[in-house]
Amino acid sequence: MNAKLTKSRQRAICSELGRVRLQLLYKASVHGFTGAAFHQQCDHRSPTVSVGYNNSGFVFGGYTKQPFNQSGGFVNDDKAFLFTFTGEQLLKYPVTGPGNAVKMIGNSGPYFGEALVLVHGSKPVAYSSPGNYYNFTAAEMHGNDLNLTECEVYQVEESSELERPWRTIVWESEKRAGLIDSIKSYKPTVSSVTQARVLLIGPVGAGKSSFFNSVNSVFRGHVTSQAISGSSSTSLTTQFRSYSVKAGREGKPLPIILCDTMGLEESKGAGLDIDDLNSILKGHLPDCYQFNPSAPLHPEAHGYHKSPRLKDKIHCVVYVIDSCKISIMPTGLEEKLDAIRRKVNLMGIPQLVLLTKVDEACPLVKEDVRNIYKSGYIKEMMQEVSSRLGVPLSCIIPVKNYSEELEVDTDCDILLLSAVIQMLRFVDNYFDELSDRMSNMQIKE
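Conventions and cut-offs
- Here the residue index of a chain counts from 1 through its sequence in written order.
- Two thresholds apply to this predicted model, a pLDDT of at least 70 for residue-level local features and 80 or more for giving and counting side-chain atom pairs, whereas whole-chain, interface and lining totals are computed over all residues.
- Computation of side-chain values covers all heavy atoms of the structure but excludes hydrogens and water.
- Only the contacting stretch of a helix is used when fitting its axis, a line to C-alpha atoms as for every element, and angles between N-to-C directions run 0 to 180 degrees.
- A run of DSSP states H or I qualifies as a helix once it reaches four residues; a run of E qualifies as a strand once it reaches two. Both are numbered from the N-terminal end.
- Angles are sorted into four bins: roughly parallel if under 35 degrees, roughly antiparallel if over 145, roughly perpendicular if 65 to 115, and oblique for all others.
- By convention, the crossing between two helices is left-handed when the near helix turns anticlockwise from the far helix through less than a right angle, and right-handed when the turn is clockwise.
- Residue contacts follow a heavy-atom distance rule, with two residues in contact if any of their heavy atoms lie within 4.5 Å.
- All amino acids are sorted into three groups, where Ala, Val, Leu, Ile, Met, Phe, Trp, Tyr, Cys and Pro are nonpolar, Asp, Glu, Lys and Arg are charged, and the leftover types, Gly among them, are polar.
- The buried label goes to any residue with under 20% of its type's maximum accessible area, the exposed label to any with over 50%, and the partly exposed label to all in between, with areas taken from a 1.4 Å probe on protein chains only.
- When charges are counted, Lys and Arg are positive and Asp and Glu negative, with His and the chain ends excluded.
- By salt bridge we mean one thing: a side-chain nitrogen of Lys or Arg within 4 Å of a carboxyl oxygen of Asp or Glu.
- Within 3.5 Å is the distance limit for a polar contact, defined as a pair of N or O atoms, with the added protein rule that one can donate a hydrogen and the other accept it, and that residues adjacent in sequence qualify only through two side-chain atoms.
- Only buried residues count toward a nonpolar core. Its members are Ala, Val, Leu, Ile, Met, Phe, Trp, Tyr and Cys residues joined through side-chain atoms within 4.5 Å.
- Two strands qualify as a pair provided DSSP detects at least 2 bridges between them.
- Two rings from Phe, Tyr or Trp (for Trp, the six-membered ring) form a pair when their centres sit within 6.5 Å of each other. Planes less than 30 degrees apart are called stacked, planes more than 60 degrees apart edge-to-face, and all others tilted.

J.: Describe the packing of helix H7 (residues 274–281) against helix H8 (residues 331–346), with residues and values.
T.: Running from N to C, H7 and H8 point in directions that differ by 30 degrees, and their axes come no closer than 11 Å. Taken together, the axes of H7 and H8 lie roughly parallel to each other. In this structure, H7 meets H8 at a crossing whose hand is right-handed. Listed contacts from H8 to Ile274, Leu277, Asn278 and Leu281 of H7 are Ile340, Lys343 and Val344. The residue inventory of the contact of H7 with H8, partitioned by class, reads five nonpolar, one polar and one charged.

Encoded structure:
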């Protein structure tokens, strides 16, 4: 049986329930729109999530920790709730009368209080009566369309934390100090370049500016916010910015510059322009250049670098992707990323992916960031990114940016610093490849 409930909606439900996953027990189109079929598949199984679908596109249902039976009475469940979706967002309606949370009726499907019944009277219909132990509006819940096209029941199962981390990482303050020293002492292998230039590219709100702020915070010793970041439907970054991280408040600039761009948007003529990207990669774009999505940079524009040197070019490209939005990434955005990736490939620039907001995507990581490589869910997310963007798993680094904290945390710092180290390794690859090409050209001459 194939689940009709999308992965992103499953995750939205699971995020309310903790470290769990959903296992499909009953599908009305397969087993039958009858109470008998439902009870045969679902009795004595718990906890469960029941989901109804109608022709109006509504997806709605309920959760109970109590096992179903056919006793005819009510059962108490103070954790029960009803839900519906608006887009991919879950709307939750907690039980108001726990003693009457679920009713065990033989000739119907899932029966929540007297408020919502799926497969009512063994027919492909729902019954709805808001206010009977659950408060909701019918229009919001199911659009007043009570004809069911499908009904599913899932068992809620404890998510299996991986026995061993699938990547090894040392969570110690000494490790943090070692990473900081490695970054401070880094020198590009090309003498004409003193600072590696890393370009951050990603959709609006993915966390590009937040990543710079977070790395800066590590070296400042407290959370800072130099680059404009936040939550918005359009890019908060409107200029091309080259940010140099300093080793402390009055310290020297580190040997890495993080370049921030306007966020990618799905629609054409919005967000970062591909032609502007070309100018950035080749080192033509001046710092603080004001992006104009409808008109790319002109060579005669003020500040245009007509003859950029190697130190002005981009040495590594990093795609910043929100782990909560991978499965709902719009096709147009995916196509833009693919076009950018192919362009960067042709220019021989190494590419990495930063997977952000891992704590929001996985309760296990929210509980403790050290669980990052013990989370089967995060590994699945990384595999999906690898498949969708066409990059090896070894080129994907999960991080947690600082967003609500005031003070830095050793474990978060280690993840952030490890990402920077990987960027510097890829910069070395770029210079090595450049050196090899130069050597080959000289041999041919």
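There's plenty left to go through after this.
J.: Go over the environment of Leu5 with me, naming the residues and quoting the values.
T.: Relative to the elements of secondary structure, Leu5 occurs in the segment before helix H1 (7–14). Each C-alpha atom, one on Leu5 and one on Gly52, is 9.7 Å from the other, the two residues being 47 residues apart in sequence. Setting aside its immediate chain neighbours within four residues, Leu5 contacts Gln10, Ile13, Leu22, Val51, Tyr53, Val59, Glu152 and Tyr154.

J.: Give a description of the side chain of Arg167 that names residues and reports values.
T.: Assignment of secondary structure puts Arg167 in the loop between strand S11 (148–158) and helix H5 (173–184). Salt bridges are absent for the buried Arg167, whose nearest opposite-charge side chain, Glu384, sits at 16 Å. Here the side chain of Arg167 touches Tyr373 through a polar contact of 3.3 Å, side chain to side chain. A distance of 2.9 Å separates a polar side-chain atom of Arg167 from the backbone oxygen of Ile396. Not counting residues within four places of it along the chain, the set of residues in contact with Arg167 comprises Tyr373, Met382, Leu393, Ser394, Ile396, Ile397 and Pro398.

J.: Residue-level account of unusual backbone geometry, with values.
T.: Look at the link from Ser46 to Pro47: it is a cis peptide, with omega at -15 degrees. One non-glycine residue with positive phi stands out, namely His44, at about 70 degrees. Relative to the helices and strands, His44 resides in the loop between helix H3 (35–42) and strand S2 (48–54). Positive phi, normally seen in glycine, also occurs at Tyr133, with a value near 80 degrees.

J.: Let's hear about the nonpolar core: which residues, and what values?
T.: Core analysis: the biggest nonpolar cluster contains 84 residues, and Val198, Leu199, Phe211, Phe219, Val317, Val318 and Leu354 have the highest contact counts within it. At 15 residues, helix H12 (residues 410–444) tops the list of elements feeding residues into this core. Once residues within four sequence positions are removed from consideration, Val318 is found in contact with Val198, Leu199, Leu200, Ile201, Leu352, Leu354 and Met423. Judged by nonpolar contacts, the second largest core, of 29 residues, contains Val75, Leu116, Leu118 and Leu148.

J.: Lay out the sheet that holds strand S1 (residues 20–27) with the relevant residues and their values.
T.: One open sheet holds the six strands; their spatial order is S1-S11-S2-S3-S5-S6, and the pairing between them is antiparallel. The open sheet is flanked by S1 and strand S6 (89–94), the only strands paired with a single partner. Neighbour-to-neighbour, the strand axes of this sheet turn through a mean angle of 25 degrees, independent of strand direction. The pairing of S1 with S11 spans seven bridges and is antiparallel. Paired with Lys27 across the bridge in S11 is Glu152. Here H3 sits on the sheet in contact with S1 and S11, set at roughly 140 degrees to S1.

J.: Please give an account of the packing of aromatic side chains that cites residues and values.
T.: What the rule picks out here adds up to eleven aromatic pairs. Arranged with centres 4.9 Å apart and planes meeting at 70 degrees, the rings of Phe38 and Phe68 form a pair that is edge-to-face. Remark: Phe68 occurs in the loop between strand S3 (59–64) and strand S4 (74–75) and Phe38 occurs in helix H3; sequence separation between them is 30 residues. When sorted by exposure, Phe38 lands in the same class as Phe68, which is buried. Between Tyr93 and Phe136 the ring centres are 5.9 Å apart and the planes differ by 55 degrees, which places this aromatic pair in the tilted class. Of this pair, Tyr93 sits in strand S6 while Phe136 is found in the loop between strand S10 (126–128) and helix H4 (138–142), placing the two residues 43 residues apart along the sequence. For the pair Tyr93 and Phe136, one class covers both residues: buried.

Fair warning: the whole summary comes from geometry, so function is off the table for now.
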